[in-house]
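# Residue-level structural notes
Chain by chain, the residues run as shown.
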Amino acid sequence: MNRLQGKVAVITGGASGIGLATAKAFLKEGARVVVAGRDQKNVDKAKDLLGASGVAIRADVTKMEELDSLYARVREEFEHIDVLFANAGIPGASLSVEKMTSNEFDAVFATNVRGTFFTVQKALPLLREGASVILTTSIANQMARANVSAYAASKAAVRSLTQSFAAELIGRGVTAMGLKFSVLSDEKSAIAKAFGLAYQFPDDLKDVYLHVFKTDLSRIDADTEWTLPIPARIVRLARNGRP
């Protein structure tokens, strides 16, 4: 059953990890998918994996001209967007408050907050009525841990953006929501190590993601944030309640 037949999905941070797994799941369900990533090697690999049904584009969400080029390509090929998954983000270095540098702090916020904001803003002309905007938040936005202050603060900001987008976009018939993951990826990043996560990241997350995206998102309360627990093969979706 192709539950996303004919839908157009754009996924930033889509050339690896959570984004790429989502893209694969969407393609299997009939969606037309555009993934964007800033690492050319990952983009090239994603292009090979997705085949003719997917589009992979190199785009850095911190650079406004590259976001403009991304959406120009989407407009040219698909004319509109049904699902925007603003998933691009970086953990940054695992540094104490004392050792955090302004450059490192700015890099995290440039991608996770500024990049997320403008990913959504610049997509607005392409989002048609009934579209969904999904932001990747994090368990870090509510869990206090040492050495991840910049990342945690950036994800708290994304959580806030979810609420603001939901309030503003509902008048356009667009639903905004946040997804946070209790398992991050199979790449042992600094943030995952800092949180002490024992994690796995299955390649096939179809049932997990489609449990969200097959839902009529117009029925979900505005500014909802969901928790997706994703150890291998677990497909339960646990609602976290209103932020």
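In case you missed it, the structure is sitting above this.
Notes on the structure follow. As the structure is a prediction and not an experimental result, all values here were calculated from the model.

As a further point, take the overall build of the protein. Secondary structure assignment for the protein yields seven helices and eight strands. Buried positions account for 51% of the 243 residues belonging to the protein. For the protein, contacts bridging at least 24 residues in sequence account for 67% of all contacts bridging at least 6. Accessible surface, the protein: about 11200 Å² in total, of which carbon and sulfur atoms supply 48%.

This part takes up the nonpolar core. Counting 34 residues, the largest nonpolar core has L70, Y71, I81 and L127 as its most contacted members. At the level of secondary structure, the elements contributing two or more residues to this core comprise β1 (8–12), β2 (32–37), β3 (54–58), α3 (64–77), β4 (81–86), α4 (102–123), β5 (127–136) and α5 (149–169). Membership of the second largest hydrophobic core comes to 21 residues, among which are I11, V35, L50 and I134.

Our next topic: the packing of aromatic side chains. Scanning the entire structure with this criterion turns up three aromatic pairs. Taking the centre distance of 4.7 Å and the plane angle of 15° together, the rings of F105 and F109 count as stacked. Placement of both F105 and F109 in helix α4 is noted, with a separation of four residues, approximately one turn of the helix. Classification of F105 as partly exposed rests on a relative accessible area of 34%.

Among the five residues that make up β3, four are buried, leaving the element largely enclosed by the rest of the structure. Of the strand pairs in this sheet, β2 and β3 are connected by five bridges, and their pairing is parallel. Residue pairing in the sheet places V34 in a bridge with V55 of β3. Taken together, β2, helix α2 (residues 40–50) and β3 form a β-α-β motif whose crossover is right-handed.

Turning to α2, a few remarks are in order. Listed in full, the buried residues belonging to α2 are V43, A46 and L50. Projected down its long axis, α2 shows its buried positions confined to an angular sector of 60°, all on one face. In α2, the exposed residues that point more than 90 degrees away from the buried face are K41, K45, D48 and L49. On its buried face, α2 is in contact with α1 (17–28), β2 and β3. Of the residues that open α2, the one with a side-chain oxygen 3.0 Å from the backbone nitrogen of K41 is D39. G51 sits one or two positions beyond α2 and adopts a positive phi of about 70°.

Let us look at the packing of α3 against α4. Running from amino to carboxyl end, α3 crosses α4 at an angle of 35°, the nearest separation of the two axes being 10 Å. Seen along the crossing, α3 lies across α4 with a hand that is right-handed. Contacts from M64, L67, D68 and Y71 in α3 reach R114, F118, T119, K122 and A123 in α4. For the contact of α3 with α4, the per-class residue count stands at five nonpolar, one polar and three charged.

Here the structure, examined in full by the defined rule, presents four salt bridges. A salt bridge links R58 to E66; its shortest N-O distance comes to 2.8 Å. The class of R58 is partly exposed, set by a relative accessible area of 32%. Between R73 and E77 there is a salt bridge, and its shortest N-O distance comes to 2.5 Å.

Reading the values: the criteria
- Residues numbered from 1 in each chain as written.
- Predicted model: local features only at pLDDT ≥ 70, side-chain atom pairs only at ≥ 80, totals over all residues.
- Heavy atoms only, no water.
- Helix = DSSP H or I, 4+ residues; strand = E, 2+ residues; numbered from the N terminus.
- Buried < 20%, exposed > 50% of the residue type's maximum accessible area, 1.4 Å probe, protein only.
- Contact = heavy atoms within 4.5 Å.
- Areas by Shrake-Rupley, 256 points an atom, 1.4 Å probe, with all protein chains shown as cover.
- Core = buried A, V, L, I, M, F, W, Y, C linked by side-chain atoms within 4.5 Å.
- Phe/Tyr/Trp six-rings, centres within 6.5 Å; stacked < 30°, edge-to-face > 60°.
- Pairing = 2+ DSSP bridges.
- Right-handed = clockwise from strand over helix to strand, strands pointing away.
- Arc of directions from axis to C-beta.
- Polar contact = N/O pair within 3.5 Å; in protein donor to acceptor, adjacent residues only side chain to side chain.
- Axes fitted to C-alpha atoms, helices over the stretch in contact; angles between N-to-C directions.
- Left-handed = near helix turned anticlockwise from the far one by under 90°.
- Nonpolar A, V, L, I, M, F, W, Y, C, P; charged D, E, K, R; others polar.
- Salt bridge = Lys/Arg side-chain N within 4 Å of Asp/Glu carboxyl O.

Read these as layout, nothing more, since geometry by itself doesn't imply function.
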